[in-house]
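Structure assessment
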Amino acid sequence: PEDKTRLIHFANLPPKCKIRIFSLDGDLIREIDHDMVKDSPGSMHEEWDLITRNTQLIVSGIYYYSVESEFGNQVGKLVIIL
């Protein structure tokens, strides 16, 4: 249950975008499709539960994220310490 309560929050998102999280080696960890109606509550917010695409809890480390939309691409880093 404790593993299910940890979240990373992505804010100020466009209504439609794709969030990809990568390991430092460039391996795809998780892909999240964010597709909301423009003015709906939560349209600029998405959560990641720190679970990989293989349904495993991630390990501590540095991760890259990419947010791709029709407006462009934003890249950043995450440091996870568990």
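A brief structural summary. (Residues numbered from 1 in each chain as written. Predicted model: local features only at pLDDT ≥ 70, side-chain atom pairs only at ≥ 80, totals over all residues. Heavy atoms only, no water.)

A surface patch of nonpolar side chains, amounting to about 430 Å² of accessible area, comprises Leu 24, Ile 62, Val 79 and Ile 81. With respect to the helices and strands, Leu 24 occurs in the loop between β2 (16-23) and β3 (28-35). (Patch = residues over 30% accessible without salt bridge, like charges linked within 9 Å, V, L, I, M, F, W, Y side chains within 5 Å. Areas by Shrake-Rupley, 256 points an atom, 1.4 Å probe, with all protein chains shown as cover. Salt bridge = Lys/Arg side-chain N within 4 Å of Asp/Glu carboxyl O. Helix = DSSP H or I, 4+ residues; strand = E, 2+ residues; numbered from the N terminus.)

All right, on to the sheet that holds β2 then. Read from one edge to the other, the open sheet built from 4 strands follows the order β3-β2-β5-β6, with strand pairing classed as antiparallel. Where the open sheet ends on each side, the last strands, each with one partner, are β3 and β6 (72-80). Ignoring which end each strand starts from, the neighbouring axes of this sheet average 20° apart. When strand β5 (residues 61-69) meets β6, the two strands line up antiparallel, connected through 9 bridges. (Pairing = 2+ DSSP bridges. Axes fitted to C-alpha atoms, helices over the stretch in contact; angles between N-to-C directions.)

Phi angles above zero are rare outside glycine, and Asn 12 is one such case at about 55°. With respect to the helices and strands, the residue Asn 12 is situated in the loop between β1 (8-11) and β2. Of the residues examined, Asn 12 reaches a relative accessible area of 63% and is grouped as exposed. Phi at Leu 50 takes a positive value of approximately 65°, unusual for a residue other than glycine. Mapping Leu 50 onto the fold places it in the loop between β4 (45-48) and β5. (Buried < 20%, exposed > 50% of the residue type's maximum accessible area, 1.4 Å probe, protein only.)

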